[in-house]
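Residue-level structure breakdown
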Amino acid sequence: SVLPRMAFPSQLARLRAAVPVVLPSLLMCDFGRLGEEIARLEAAGVQGLHLDVMDGHFVPNLSYGLPLVETFRRLTKLPLDVHLMIDNPGAYVDRYRSAGADSMTVHVEAADDIRPVLEQIRRSGAGVGLALNPPTPLSAIEPALGMVDLVLVMSVMPGFGGQTFDPVALEKLSALRAKLGDRVLLELDGGIKASNIGQCTAAGAQLLVVGSAIFGTPDYAASAKNLTHLAQNKASN
């Protein structure tokens, strides 16, 4: 019953054409000034936005849900890369797609068999993403690799921003790139900053989720440009 993987959904194809891409994680933005924050990011030339949805169960933190995804969709035409750190993700796939998600990434740890959820995302028309946490071995996602558009390798345990980067993620990226070639986008999330972003792209990361390295700085454009430059330099070496 596995649905065939056709061409990349259009918004993911847009990101794929621009890799390596720095994706700001809106978990770190000023939620009291969302319109201004989005405008600053667009002016900074970012290619897409990463939305972290947390339910307080699957991860020990609560972030935002459907209403804010709908708000971000109204505020921008940029691709919305939605990371569902939630229990029972299959119950919400269609609702997040309706809210405006261009891609949805679910965790292999969220179900005994995540493949039916991946099929559901494919049917919705969104890009299909699969994430794994630092302690989870690559063998856990191997049965599903033929079903996905992107793999999100976590370099911190999900739930809270500002954690220290776990280098096990680099080993996983290198192994995935060797195994998959360019068939699947590789995304990295957690603790990425100017001092390590080059290592990340050298290991194979193409989508780089960044929080405080942009939002913790006064000039989003300068920070995004510098991070992209560092990522591109290592990616091309």
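Residues numbered from 1 in each chain as written. Predicted model: local features only at pLDDT ≥ 70, side-chain atom pairs only at ≥ 80, totals over all residues. Heavy atoms only, no water.

This part is about the overall build of the chain. In terms of helices and strands, the chain carries nine helices and eight strands. The C-alpha atoms of the chain give a radius of gyration of 16 Å, which matches the 18 Å a tight globule of 237 residues would have. Overall, the chain is about 50 × 40 × 35 Å in size when its C-alpha atoms are taken along their principal axes. Considering only intrachain contacts with a sequence separation of at least 6, the fraction spanning at least 24 residues in the chain is 66%. (Helix = DSSP H or I, 4+ residues; strand = E, 2+ residues; numbered from the N terminus. Rg over C-alpha atoms; globule rule 2.2 N^0.38 Å. Contact = heavy atoms within 4.5 Å.)

In this section: the confidence of the model for the chain. With 93% of its residues at a pLDDT of 70 or more, the chain shows a mean pLDDT of 90. Within the chain, the element-level pLDDT minimum falls on helix α1 (residues 10–16), averaging 82, and the maximum on strand β6 (residues 150–154), averaging 97. This model gives residues 1–6 a pLDDT under 50, and the stretch forms 14 contacts once residues within four places in sequence are excluded. (pLDDT = per-residue confidence, 0-100.)

Now for the nonpolar core. The biggest cluster of nonpolar side chains holds 66 residues, and the ones touching the most others in it are Leu26 and Val151. Here this core gets five residues from one element, more than from any other, and that element is helix α6 (residues 168–180). Not counting residues up to four positions away in its chain, the partners in contact with Val151 are Leu130, Leu132, Ile141, Leu145, Leu176, Val184, Leu185, Leu186 and Glu187. Within the second largest apolar cluster, 11 residues are counted, among which are Val21, Leu150, Leu185 and Leu207. (Core = buried A, V, L, I, M, F, W, Y, C linked by side-chain atoms within 4.5 Å. Buried < 20%, exposed > 50% of the residue type's maximum accessible area, 1.4 Å probe, protein only.)

The subject of this paragraph is the packing of aromatic side chains. By the definition in use, this model includes one aromatic pair. With a centroid separation of 5.3 Å and an interplanar angle of 75°, the aromatic rings of Phe215 and Tyr220 are classed as edge-to-face. Residue Phe215 shares its accessibility class with Tyr220, and that shared class is buried. Over the ring of Tyr220 we find Arg40; its NZ or CZ atom is 3.6 Å from the centre of that ring. (Phe/Tyr/Trp six-rings, centres within 6.5 Å; stacked < 30°, edge-to-face > 60°. Lys NZ or Arg CZ within 6 Å of the ring centre and 35° of its normal.)

A few words on the pairing of strand β2 (residues 49–54). The element β2 is extensively covered by neighbouring structure, given that six of its six residues are classed as buried. The pairing of β2 with strand β3 (residues 80–85) spans six bridges and is parallel. For Leu49, the partnering residue across the bridge sits in β3 and is Leu80. (Pairing = 2+ DSSP bridges.)

Here we come to the pattern of salt bridges. One pass over the structure, following the stated rule, counts six salt bridges. Note that Glu119 is salt-bridged to Arg123, the shortest N-O span being 3.9 Å. Residue Glu119 and its partner Arg123 are both found in helix α5 (residues 115–124); the two are separated by four residues, about one turn of the helix. (Salt bridge = Lys/Arg side-chain N within 4 Å of Asp/Glu carboxyl O.)

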